[in-house]
Amino acid sequence: MVESKREVLSSSEVVDPYVTALTQFDVAADHLGLNESMRQYLRNNQRELVVHLPLRMDDGSIEVFWACRVQHNWSRGPCKGGIRYHPDANLDEVRALAMWMSWKCSVANIPYGGGKGGIKVNHKKLSRHEAEGLARRYAVAISPVIGPDVDVPAPDVGTDAQTMAWIADAYSATQGRWTPAVITGKPISLGGTVGRDAATGSGIMYVVQEAARRRGLSPSSTTVAIQGFGNAGQWSARLLAGKGFQVVAVSDTSGGIHNGQGLDIEAAIAQKNNSGRVTDYPKADRITNEELLTLPVDILVPAAFENQITAANAPAVKAKIIAEAANGPTTPEADRMLNDSGVIIIPDILASAGGVVVSYFEWVQNRSGMYWDEKEVSNRLEQVMTRAFQEVAAVSEREKLTMREAALILGIRRVVEATELRGMRP
Ligand code: NAD
């Protein structure tokens, strides 16, 4: 369900996500009064493994793919974070995503550190046979640094449950035993959990409901636009519409669709699954991705990639609430502008935590051998997301901070505490 091509912003607006992550960290570190050694420790990743994967293609040729696994911090537990397949994957992007995972797991208060992986590949051009070969190669190459107690990968853009199944199998072969807890997002028949598909969208739904309630917005008169129509975007749309919100616009790389009366989300998802382009959905006006971001809606959910809301388009954003399903969709400059104009931004490290929380539930189930039903998963997820939202909101109110600053401070504070308790010695 992933598009291979990212919409590219003009070069003056592109911000290296790692620069964004470090800028955010520095602001929070100043607020927390962290000393220089702690700053240095947390600004860097604990481990970065870069590998080059030779793969025999179907035509007999060999291609070599760049790939990496980055572990930002494991003070609070094993590293956790997805594996992204994208032609533009690069070390700085993965470093940023790994750092954000540390803060995200900490904000959700689940016992993990942060990690992330990437392979520079246009996965849409791979045959199934080649995709399997690449996933297995990658699993074996990173096997020395992953494991149920070390680092537990998961899906991200370009990877899915099948990819996780191949990685779990190849890793298990290196250990001589079936080790499902090495990775989450697996198919249910291989120890995956019910509710993982919907998890990120569910998390978005819970935080949007909470923010709308605090802002006095009732769902039936609240309009929503969603950028990106993959796992996070589709489930956010479906679940918000299910709670009565008016989802009036969605988009993918083919562009956007808009209907002021509300879209039929199930029909839009069916259309996307059929033709691969949400813009083939007939009962709506075509809009560009840029227009979607600046529609006169109450709530905007960026659910595609980094760097979508920038200094260039932030002044035109009309939403009152932005719930970041994507990681790093707002540049620091745009963040400042939107805060100044009173927009509430529910930051990625809080809003999109649903996926990793349910991944944690999957890992717990794999390790205990006890499996939960859908109700148990969704009740527990609601509890974790609502508590995280309330904790971040409390810090924001008490310390007069934006939700992003509050989430970073809460997340970083817990990592610092764990690091200090463990000590920085071997
Ligand atoms: P996905 O590959 O399933 O979907 C991505 C979607 O974004 C596709 O529909 C694609 O067409 C669209 N897209 C790409 N560039 C676009 C652009 N410029 N404008 C509009 N649409 C564009 O990926 P996903 O898993 O839904 O992840 C999306 C984002 O959410 C990523 O930032 C990811 O890191 C983040 N996220 C995902 C999860 C998860 O559980 N899937 C969890 C947390 C965060």
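Bear in mind that the values here come from a model prediction, so they are computed numbers and not experimental data.

Procedures and definitions
Residues numbered from 1 in each chain as written. Predicted model: local features only at pLDDT ≥ 70, side-chain atom pairs only at ≥ 80, totals over all residues. Heavy atoms only, no water. Helix = DSSP H or I, 4+ residues; strand = E, 2+ residues; numbered from the N terminus. Contact = heavy atoms within 4.5 Å. Domains from an automatic or database assignment. Buried area = accessible area lost by both parts, 1.4 Å probe. Salt bridge = Lys/Arg side-chain N within 4 Å of Asp/Glu carboxyl O. Polar contact = N/O pair within 3.5 Å; in protein donor to acceptor, adjacent residues only side chain to side chain. Nonpolar A, V, L, I, M, F, W, Y, C, P; charged D, E, K, R; others polar. Pairing = 2+ DSSP bridges. Axes fitted to C-alpha atoms, helices over the stretch in contact; angles between N-to-C directions. Phe/Tyr/Trp six-rings, centres within 6.5 Å; stacked < 30°, edge-to-face > 60°. Buried < 20%, exposed > 50% of the residue type's maximum accessible area, 1.4 Å probe, protein only. Lys NZ or Arg CZ within 6 Å of the ring centre and 35° of its normal.

K.L.:
Describe in detail the environment of V343, supporting the description with residues and values.
P.N.:
With respect to the secondary-structure elements, V343 resides in the loop between α10 (332–340) and β12 (344–346). On a C-alpha basis, the gap between V343 and I299 in space is 9.8 Å, while along the polypeptide they are 44 residues apart. Those residues in contact with V343, other than ones at most four positions away along the chain, are A319, K320, I321, I322 and L338.

K.L.:
Can you lay out the domain arrangement of the chain for me, pointing to particular residues and giving the numbers?
P.N.:
Domain parsing of the chain yields domain 1 (45–190) and domain 2 (199–351). Once you take the C-alpha centre of each, domain 1 and domain 2 turn out to be 28 Å apart. Listed as interface residues are 10 residues of domain 1 and, on the opposing side, 7 residues of domain 2. Summed over both sides, the interface of domain 1 with domain 2 buries roughly 810 Å², with 61% coming from carbon and sulfur. Sorting the residues of domain 1 by area buried against domain 2 places W100, K104 and V107 first, and these three jointly supply 54% of that buried surface. For the interface between domain 1 and domain 2, the tally reads 1 salt bridge. Inspection of the domain 1/domain 2 interface yields 2 residue pairs in polar contact (both at pLDDT 80 or more). Among the elements that line the side of domain 1 that touches domain 2, the one with the most residues is helix α3 (residues 91–107), at 6 residues. Looking at the side of domain 1 that touches domain 2 residue by residue, the class counts come to 5 nonpolar, 1 polar and 4 charged.

K.L.:
Give me the sheet that holds β12: which residues, what numbers.
P.N.:
Spatial strand order, β9-β8-β7-β6-β10-β11-β12: 7 strands in an open sheet with mixed pairing. Pairing within the sheet leaves two strands with one partner each, and these edge strands are β9 (285–287) and β12. With strand direction ignored, the average angle separating the axes of adjacent strands in the sheet is 20°.

K.L.:
Describe in detail the packing of aromatic side chains, supporting the description with residues and values.
P.N.:
With the rule as written, the count across this model stands at 6 aromatic pairs. Consider the rings of Y360 and F361, whose centres lie 6.0 Å apart with planes at 45°: the pair is tilted. As far as the burial class goes, Y360 and F361 line up, both buried. Among the aromatic residues, those joined into a cluster by ring pairs are Y112, Y360, F361, W363 and W372. Directly above the ring of Y112 sits K80, whose terminal nitrogen or CZ lies 6.0 Å from the centroid. We note R380 situated over the ring of W372; from NZ or CZ to the ring centre the distance is 4.3 Å.

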